[in-house]
Amino acid sequence: MGWCTHSNALLIPILFFFSFYPLAFSKLSSPQIEVMVDLSRKIPSSDLSWNSTEDPCEWKGVTCGSDNFRGQAHSLSLSGLSFASPGFLPVTCQIGSLQVLDQSELPDACITGGLRRLNFGGSALVGPLPSFTGFVGLEVLDLSYNKMSGSIGSELDGLVKLGSLNLSMNIFNGSVPVDLFRVLKELQLSVNGFEGEIPEGVKDYRNLALLDLSANQLSGSVPDRLGELPRLEVLVLYSNLLGGKITNSLANITTLSRFSANQNNFQRPNSQRPKITLI
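Going by what an unreviewed UniProt entry lists, the chain is known as Leucine-rich repeat-containing N-terminal plant-type domain-containing protein and is assigned to Eucalyptus globulus. Of the comments in the UniProt record for the chain, the one headed Sequence similarities (unreviewed entry) reads "Belongs to the RLP family." Taken from UniProt, the Subcellular location (unreviewed entry) comment for the chain reads in full: "Cell membrane".

Take a look at the structure:
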């Protein structure tokens, strides 16, 4: 009886080991295996058929490195998939060795410490904007043509290098976000439900070349201080509830080549018209 008990005690860990045999001999390190298993739970797609008890290096769309990249995943392809929630995005940041994250036709480059370009436009994402804590290298974020909703608060905090943000064609509401970093060059928020006035804080984006706030529920007047943006080339405000007079300060922006503000409630007096042509 004692021998049987001793044998069973030895057999249990052996059986446990062989039940996870693929993971034990995975090319990945243990921390990366944990991250990949967590990622598999965030992407419940039958098209992928990722099994958490199998080696992640054998999963569809996953490429693991060799030689200098041994023990690391360096490529992840999610091309052609639609996602019900964007909650999986922050998990990808934990894959520090990731060089390519491909969801659409063009691959999105990746560097150690985070992605440079993240494009999930037209991916059927729903729900609120996820937190992008840890994406310190992100320069371009495109989540346009989805069905994401809610207001925008601190989710984008930490994107110190973000130069282009495109959230157009969603269902976002609340105020226009202005607590972004000042390197921003393109801000596209068209066709959403943003409301309230255009915040004067937009003037602090001294590098801004493109500002598109069209087809929202914005009201009030166009802030005079928009005329302080020295590099603005395109300003699109059409189809809102804006009123009052169009500020003449926009004529001070020598770089401005396109200004569209039709389908609003602006006053157009016969005299002292602004020097900006409505498109």
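Moving on from the coordinates now.
A. Layout of empty space enclosed by the protein. Tallied over the entire structure, the rule returns two cavities of 30 Å³ or more. One number sums up the size of the second largest cavity: a volume of about 30 Å³. Considering only residue class, the lining of the second largest cavity consists of five nonpolar, no polar and one charged.

B. Structural view of the pattern of salt bridges. Throughout the structure, instances matching the rule amount to two salt bridges. The residue K203 makes a salt bridge to D204 at a minimum N-O spacing of 2.8 Å. By relative accessible area, K203 is classed as buried at 16%. Since its relative accessible area comes to 31%, D204 is described here as partly exposed.

C. Structural detail: the sheet that holds strand β19 (residues 265–266). What the seven strands build is an open sheet, ordered β7-β9-β11-β13-β15-β17-β19; its pairing is parallel. In this open sheet, the two edge strands, each paired with only one partner strand, are β7 (126–127) and β19. Pairing analysis gives two bridges linking strand β9 (residues 147–150) to strand β11 (residues 171–174), with the strands arranged parallel. Bridge pairing in β11 places S149 opposite I171.

D. Local environment of the pairing of strand β15 (residues 217–220). Where strand β13 (residues 193–196) and β15 come together, two bridges link them in parallel fashion. Note that in β15 the partner of G196 across the bridge is L218. With two bridges connecting them, β15 and strand β17 (residues 241–244) associate as parallel partners. The partner of G220 across the bridge, within β17, is L242.

Reading the values: the criteria
- Residues numbered from 1 in each chain as written.
- Predicted model: local features only at pLDDT ≥ 70, side-chain atom pairs only at ≥ 80, totals over all residues.
- Heavy atoms only, no water.
- UniProt positions renumbered as here; feature names shortened; annotations may be inferred.
- 1 Å grid on protein atoms, 1.4 Å probe; cavity = no way out; pocket = protein on both sides within 12 Å on 5 of 7 lines; lining within 4 Å.
- Points joined across faces, edges and corners; volume = space filled by probe spheres on them.
- Nonpolar A, V, L, I, M, F, W, Y, C, P; charged D, E, K, R; others polar.
- Salt bridge = Lys/Arg side-chain N within 4 Å of Asp/Glu carboxyl O.
- Buried < 20%, exposed > 50% of the residue type's maximum accessible area, 1.4 Å probe, protein only.
- Pairing = 2+ DSSP bridges.
- Helix = DSSP H or I, 4+ residues; strand = E, 2+ residues; numbered from the N terminus.

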